[in-house]
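# Analysis of the macromolecular model
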Amino acid sequence: MAVASLRGEAVELLQGLIRLDTVNPPGNETLAADYLRSYLEEAGLQVELYARVPERANLVARLRGCGTGPRLALLSHTDTVLADPGEWQLDPWSGEVRGDELWGRGALDMKGQVAASAVAIASLAREGFRPNGDLIFVAAADEEVGAGFGLSWVCDTHPEAVRAEYALNEGAGERVVLGERVFYPCALAEKMSRPFRLRVHGRSGHASMPAIADNALVKAAPLIQRLGEYRPRRRYVAETEAFTRAVLGELPPVDEVLERLEAVSPLARELLEPLLAPTFSPTMATASRKRNVIPALCEVVVDCRILPGEDGEAVDRLVHEVLGELEYGHEVIDAQGGTRSPGDTPLWDAVASFLAEVDPGAEPLPYVVPGFTDSHWLRGPFGTVAYGFFPIKTMDAELQARLIHSADERIHLDDLELGTEFLRHAARAIGALDA
Ligand SMILES: [Zn+2]
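Procedures and definitions
Residues numbered from 1 in each chain as written. Predicted model: local features only at pLDDT ≥ 70, side-chain atom pairs only at ≥ 80, totals over all residues. Helix = DSSP H or I, 4+ residues; strand = E, 2+ residues; numbered from the N terminus. Rg over C-alpha atoms; globule rule 2.2 N^0.38 Å. Buried ≥ 20, exposed ≤ 12 C-beta atoms within 10 Å, placed from the backbone. Contact = placed C-beta atoms within 7 Å. Expected span 1.5 Å × (residues − 1). Domains from an automatic or database assignment. Pairing = 2+ DSSP bridges. Axes fitted to C-alpha atoms, helices over the stretch in contact; angles between N-to-C directions. Core = buried A, V, L, I, M, F, W, Y, C linked by C-beta atoms within 7 Å. Parallel < 35°, antiparallel > 145°, perpendicular 65-115°, else oblique. Left-handed = near helix turned anticlockwise from the far one by under 90°. Nonpolar A, V, L, I, M, F, W, Y, C, P; charged D, E, K, R; others polar.

Another aspect to go through is the overall build of the protein. Each helix and strand counted, the protein has 14 helices and 20 strands in total. Taking 22 Å as the expected radius of gyration for a compact globule of 435 residues, we find that the protein reaches 24 Å, a close match to that expectation. Its C-alpha atoms put the protein at 80 × 50 × 45 Å along the principal axes. When burial is assessed residue by residue, the protein has 46% of its 435 residues classed as buried. Looking at the protein alone, contacts between residues at least 24 apart form 78% of all its contacts between residues at least 6 apart.

Shown next, in the form of structure tokens:
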């Protein structure tokens, strides 16, 4: 009976969250924070809002532990990407339940997990659960843009509110069948985003007389082509080694691994492929602002993702090798992410024991997120063991991947309920540990 009522509670809470427009930009996450605050306070939880500007609040709720064990943070974000109603079958902010699915922007990324986490901590509080260490619920703002209003800002200004030994966040958790076996990827790490800018100089002139000028755009073309065609040498890191051993039962030479995975399942290959080397994707270029003026300057921005633990400056040297004798300036724009957590922890055991209960024979699979998540902000300063894991068992993994940030986003009610049960399970497992 308790389970059935938690399902209903999570559905209702998620519907309410989806009906609040928290598209970022501008975010307006305070709408969600106020809504969650009244729900959580009703369960007897202590709730604080932290906001750099009034309309963009982050919420932290705390179930106090005895102070003798590690803390667990249930981490999520309340902002979403935009939605174009013209592309959708249903209003993206309807929160409508159709069949066994709840529709709306954020259902998967990630208001579903916000609702599941809130229901998990609220239900445990009502039951009088007393963990050894604090159980902390964090609903952060501004994850999708990262303009400094969200978790990074909370970590800087109120570190004690969110400091935790363990954390569960978004990033992975969808059920995949690889060959004969069932896995649920669990994200231990993420790649580092390290975009850079190339500057190519020439000499301007009238476009009708190209011979008297030196066209920077034309000079930039071979740089773009070389980077676009470049395939860096592949190598394993600890997490991808563990992934490969789990799927293949051994570790083949890195040059053979994609072929070997393909033979097991094309999906296995797809999962590992972006995680074996840095990637270089030229995405933006600017040159002349006038059609009839030959540009003296061309700037090319390259999206670059490097492996966790990889030396950024070594990657810069690699770029210089690839571009060789060509003339250009090179400037790293930003470096974010690339943090990792160990896999042999009680939190991993909690994921595994939950799967053993709900999907006998299924195993967690070590995984690296090719993008960026808020886990980075906790792993860096606090050394938090942060995993990206929210189990999705009923909805097909490929459908799920297609719906995130896209039209007709929706979550299956069984998955919402399963996620709630998982978070309760993890809270009990970590809450039973001694320091
Ligand atoms: Zn997200």
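After that view of the structure, there is still more to cover.
On to the environment of Gly 329. Inspection of the secondary structure assignment puts Gly 329 in strand S16 (residues 329-332). Between the C-alpha atoms of Gly 329 and Phe 354, which are 25 residues apart in sequence, the distance is 52 Å.

Look at helix H14 (residues 413-431): 27 Å from first C-alpha to last across 19 residues, which is about the 27 Å you get at 1.5 Å a residue. Burial of H14 is extensive: 14 of the 19 residues sit out of reach of the surface.

Domain parsing of the protein yields domain 1 (2-178 + 338-431) and domain 2 (192-233 + 277-336). Relative to domain 2, the C-alpha centre of domain 1 lies at a distance of 38 Å. The interface is formed by seven residues belonging to domain 1 together with seven residues belonging to domain 2.

We now examine the sheet that holds strand S4 (residues 97-98). Strand order across the open sheet formed by three strands is S4-S5-S20, with antiparallel pairing between neighbours. In the strand order of this sheet, the two ends are held by S4 and strand S20 (410-412), each with one partner. In this fold H14 packs onto strand S5 (101-103) and S20, with an angle of close to 70 degrees to the strand it touches most, S20.

Moving on: the nonpolar core. Grouped together as the largest cluster of nonpolar side chains are 99 residues, with contacts concentrated most on Ala 73, Ala 115, Ala 118, Ile 121, Val 138, Cys 186 and Ala 187. Among the elements that take part in this core, helix H3 (residues 111-126) stands out by supplying 10 residues, more than any other. Those residues in contact with Ala 118, other than ones at most four positions away along the chain, are Leu 13, Leu 36, Tyr 39, Leu 40 and Phe 137. Core analysis: the second largest hydrophobic core is formed by 16 residues, Met 192, Ala 216, Val 300 and Val 315 among them.

With that settled, the discussion passes to the packing of helix H7 (residues 238-248) against helix H8 (residues 257-264). Contact pair H7 / H8: the axes reach a minimum separation of 11 Å and the direction vectors enclose 40 degrees. With respect to each other, H7 and H8 are oriented oblique. The way H7 lies across H8 gives a crossing that is left-handed. Contacts between H7 and H8 involve Thr 244, Val 247 and Leu 248 from the former and Val 257, Arg 260, Leu 261 and Val 264 from the latter. A breakdown of the residues in the contact of H7 with H8 according to their chemical character gives five nonpolar, one polar and one charged.

In this section: the environment of Pro 308. Along the chain, the position of Pro 308 falls in the loop between strand S15 (297-306) and helix H10 (312-323). Of the residues examined, Pro 308 has 21 C-beta atoms within 10 Å and is grouped as buried. Residues Pro 308 and Lys 219, 89 residues apart in the sequence, show an inter-C-alpha distance of 33 Å. Excluding its chain neighbours within four sequence positions, the residues that come into contact with Pro 308 are Ala 189, Glu 190, Lys 191, Met 192, Val 237, Gly 338, Thr 339, Arg 340 and Val 368.

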